[in-house]
Amino acid sequence: MPWYDMPLERLREYHTQTAEPDGLDEWWAKRLADSRELARPTDLRRYEPDLYGTVEVHDATFSGSGGDRIRAWYLKPADAVRPPVVVKFIGYGGGRGAPGEHMLLPALGYAAFVMDSRGQGGRWTYGATGDGAEGPENSLVMTRGITTPEDYYYTRMFTDAALAVDAALELAGAPGAPGPRAGLAVSGASQGGGLALAAAALHGDEIAVCHADVPFLCDIQRAITLAPHAPYTEIPEFLAENVALVDVALDTLRYVDCALLARRITAASLLSVGLMDDICPPSTVFAAYNEITAAKDIAVYPYSGHRVPRAHAERQLRHLKEHLPPSA
């Protein structure tokens with residue numbers, strides 16, 4: 001894949017041309033308040049204690065958008081009382097998978113709260129949460145409910161992500177545990193990176209660290225005209241025939257555009273971008289990064305596509321330990 005987007009010097013100065021909807025903060029505050037009114041306590045069930053040894057693994061269920069029950073994994077070092085928690089989000093098409101996929105953070109003194117993706121989990125790893133129906137799906141969700149922002153699929157997903165942070169905060173400050181509440185980070189790649197940005201924006205000062213690798217759902221109106229591969233192509237393929245819906249669909253997308261929401265992020269943020277990424281175009285990643293006013297850094301990989309080099313994991317861990325030290 002060639003360098004098909006802007007030169008790096010222009011990327012560092014690029015800002016989205018999409019206008020933010022009026023009253024976006026109030027609109028999101030209502031979405032979250034309505035779902036929190038319907039929330040029930042997070043349910044934790046110990047999972048395979050003989051298998052995972054020194055890591056406590058719990059099959060978790062928390063309340064997401066509309067009170068829907070969303071599955072997650074909660075993993076923590078067995079001897080830790082209040083470890084800092086990293087809320088992890090999954091890429092497009094995947095689900096929470098198996099606990100063994102998420103063992104690195106508990107091995108380093110962190111708890112991990114891994115949110116399942118509603119109505120996904122039918123492709124490259126599996127899930128357990130439906131979206132209006134039981135069970136995971138091998139689904140295409142980019143246009144689900146796109147005619148109104150209130151009904152749009154990613155409105156529900158962003159709400160799930162924000163309430164996953166609520167659940168993690170509840171666990172980080174569990175009643176009876178000594179000491180102050182532990183700190184939180186959010187993390188993910190691709191769709192997961194977009195969800196991390198959204199959660200950090202919607203939770204403000206409660207998030208200490210935000211890691212978003214090659215994030216999806218940034219500068220969406222540009223992305224759907226530029227990206228040659230799915231998932232973004234689901235939208236122009238749909239609008240090519242449903243021409244009467246173009247204006248309402250583009251309006252809906254503004255409410256879940258992480259380039260607009262990123263202005264609200266206060267967490268220390270580390271993003272990554274591949275300059276040969278033909279799934280999440282580099283300019284769309286920079287559109288979000290350039291809106292963040294908090295402490296931030298971006299790892300630029302000139303010869304990478306939609307996957308960061310393996311060495312990036314150590315850069316992330318150093319950043320995490322600097323801004324959110326693990327349990328002693």
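Keep in mind it's a predicted model, so treat the numbers as computed, not measured.

Trainee: Honestly, the overall build of the protein in this entry has me stumped. Any pointers?
Mentor: A tally of regular secondary structure across the protein gives twelve helices and nine strands. Against the 2.2 N^0.38 benchmark of 20 Å for 328 residues, the protein shows a C-alpha radius of gyration of 19 Å, consistent with a compact globule. With the principal axes as the frame, the protein shows a C-alpha extent of 55 × 40 × 35 Å. Burial status across the protein gives 59% buried among its 328 residues. Of the accessible surface of the protein, which amounts to about 13300 Å², a share of 52% is contributed by carbon and sulfur atoms. With 29 positive and 42 negative side-chain charges, the protein shows a separation of 4 Å between the mean positions of the two kinds.

Trainee: Teacher, can you tell me more about the sheet that holds strand β3 (residues 69-77) here?
Mentor: Working definition: the strands of a sheet are paired by backbone hydrogen bonds and lie parallel or antiparallel to each other. Reading across from one edge, β1-β2-β3-β5-β4-β6-β7-β8-β9 is the order of the nine strands in this open sheet, with mixed pairing throughout. Edge positions in the open sheet fall to β1 (43-46) and β9 (296-301), since each of these has one partner strand only. Each strand axis lies, on average, 20° off the axis of its neighbour in the sheet, ignoring direction. Bridge analysis of β1 against strand β2 (residues 55-63) gives four bridges, and the strand direction is antiparallel. Bridge assignment links Asp 43 to a residue of β2, and that residue is Thr 61. Of the strands in this sheet, β4 (85-89), β5 (111-115), β6 (184-189), β7 (209-213) and β8 (268-274) touch helix α6 (residues 191-203), which is tilted by about 150° from β6.

Trainee: Any chance you could explain the packing of helix α2 (residues 24-37) against helix α5 (residues 153-172) here in plain terms?
Mentor: Describing two packed helices takes the angle between their axes plus the distance from one axis to the other. For the pair α2 and α5, interaxial distance at closest approach is 10 Å and the crossing angle is 65°. Read as a crossing pair, α2 and α5 show a hand that is right-handed. For the pair α2 and α5, contact is made by Trp 27, Trp 28, Arg 31, Leu 32, Ser 35 and Arg 36 and by Thr 155, Phe 158, Thr 159, Ala 162, Leu 163 and Asp 166, respectively. A per-class count over the contact of α2 with α5 returns six nonpolar, three polar and three charged.

Trainee: Could you clarify how one ought to interpret α6 in this entry?
Mentor: Relative to the 18 Å expected for 13 residues at 1.5 Å per residue, α6 spans 18 Å between its end C-alpha atoms, a close match to the ideal helical length. Extensive coverage of α6 is indicated by the burial of 13 of its 13 residues. Phi for Gly 204, located one or two positions after α6, is positive at around 55°.

Trainee: Teacher, can you tell me more about the layout of surface pockets here?
Mentor: Over the atoms, a rolled probe matching the size of one water molecule traces out where space is still vacant. Roughly 1000 Å³ of volume is contained in the largest pocket. Along its surface, the largest pocket is lined by 38 residues, and Lys 88, Gly 188, Ala 189, Asp 213 and Gln 316 are the ones closest to its centre. Only β4, α4 (104-107), β6, β7 and α12 (312-323) provide two or more residues apiece to the lining of the largest pocket. Of the residues belonging to the lining of the largest pocket, the class tally is 20 nonpolar, eleven polar and seven charged. Approximately 210 Å³ is the volume attributed to the second largest pocket. Forming the walls of the second largest pocket are Asp 68, Arg 69, Ile 70, Arg 71, Arg 118, Ala 128, Thr 129, Gly 130, Gly 132, Ala 133, Glu 134 and Gly 135. In terms of residue class, the lining of the second largest pocket is made up of three nonpolar, four polar and five charged.

Trainee: Mind showing me how you'd approach the packing of aromatic side chains here?
Mentor: What describes a pair of aromatic rings is the distance from one ring centre to the other and the angle between the planes of the rings. Per the stated rule, a full pass over the model turns up 14 aromatic pairs. Note on Trp 28 and Phe 158: the rings are 6.0 Å apart at their centroids and 20° apart in plane angle, and the pair reads as stacked. Of this pair, Trp 28 sits in helix α2 while Phe 158 sits in helix α5, and the two are 130 residues apart along the sequence. Overall, Phe 158 belongs to the buried group, its relative accessible area being 0%. Taking the centre distance of 4.8 Å and the plane angle of 55° together, the rings of Tyr 47 and Trp 73 count as tilted. Note that Tyr 47 is positioned in the loop between β1 and α3 (49-52) and Trp 73 in strand β3, a separation of 26 residues in sequence. Accessibility expressed as a relative area gives 3% for Trp 73, which makes it buried.

Trainee: Sorry if this is basic, but what is going on with the side chain of Ser 272 here?
Mentor: Tracing the backbone shows Ser 272 in strand β8. Setting aside residues no more than four positions away along its own chain, Ser 272 makes contact with Ala 212, Asp 213, Val 214, Pro 215, Val 285, Ile 298, Ala 299, Tyr 301, Val 308 and His 312.

Trainee: Looking at this model, I keep getting lost on the pattern of salt bridges. Mind explaining?
Mentor: Oppositely charged side chains may form a pair once their charged atoms are brought near each other. The full count for this structure, using the stated rule, is 19 salt bridges. Across the pair Arg 263 and Glu 291 runs a salt bridge, and its minimum N-O distance is 2.9 Å. Linking Arg 263 in the loop between α10 (258-261) and β8 with Glu 291 in the loop between α11 (282-289) and β9, this pair joins segments that are 28 residues apart in sequence. Through salt bridges that share partners, Asp 68, Arg 118, Asp 131, Glu 137, Arg 144, Arg 156 and Asp 160 make up one connected network.

So, how was this worked out
- Residues numbered from 1 in each chain as written.
- Predicted model: local features only at pLDDT ≥ 70, side-chain atom pairs only at ≥ 80, totals over all residues.
- Heavy atoms only, no water.
- Helix = DSSP H or I, 4+ residues; strand = E, 2+ residues; numbered from the N terminus.
- Rg over C-alpha atoms; globule rule 2.2 N^0.38 Å.
- Buried < 20%, exposed > 50% of the residue type's maximum accessible area, 1.4 Å probe, protein only.
- Areas by Shrake-Rupley, 256 points an atom, 1.4 Å probe, with all protein chains shown as cover.
- Lys, Arg positive; Asp, Glu negative; His and termini not counted.
- Charge placed at Lys NZ, Arg CZ, Asp CG, Glu CD.
- Pairing = 2+ DSSP bridges.
- Axes fitted to C-alpha atoms, helices over the stretch in contact; angles between N-to-C directions.
- Contact = heavy atoms within 4.5 Å.
- Left-handed = near helix turned anticlockwise from the far one by under 90°.
- Nonpolar A, V, L, I, M, F, W, Y, C, P; charged D, E, K, R; others polar.
- Expected span 1.5 Å × (residues − 1).
- 1 Å grid on protein atoms, 1.4 Å probe; cavity = no way out; pocket = protein on both sides within 12 Å on 5 of 7 lines; lining within 4 Å.
- Points joined across faces, edges and corners; volume = space filled by probe spheres on them.
- Phe/Tyr/Trp six-rings, centres within 6.5 Å; stacked < 30°, edge-to-face > 60°.
- Salt bridge = Lys/Arg side-chain N within 4 Å of Asp/Glu carboxyl O.

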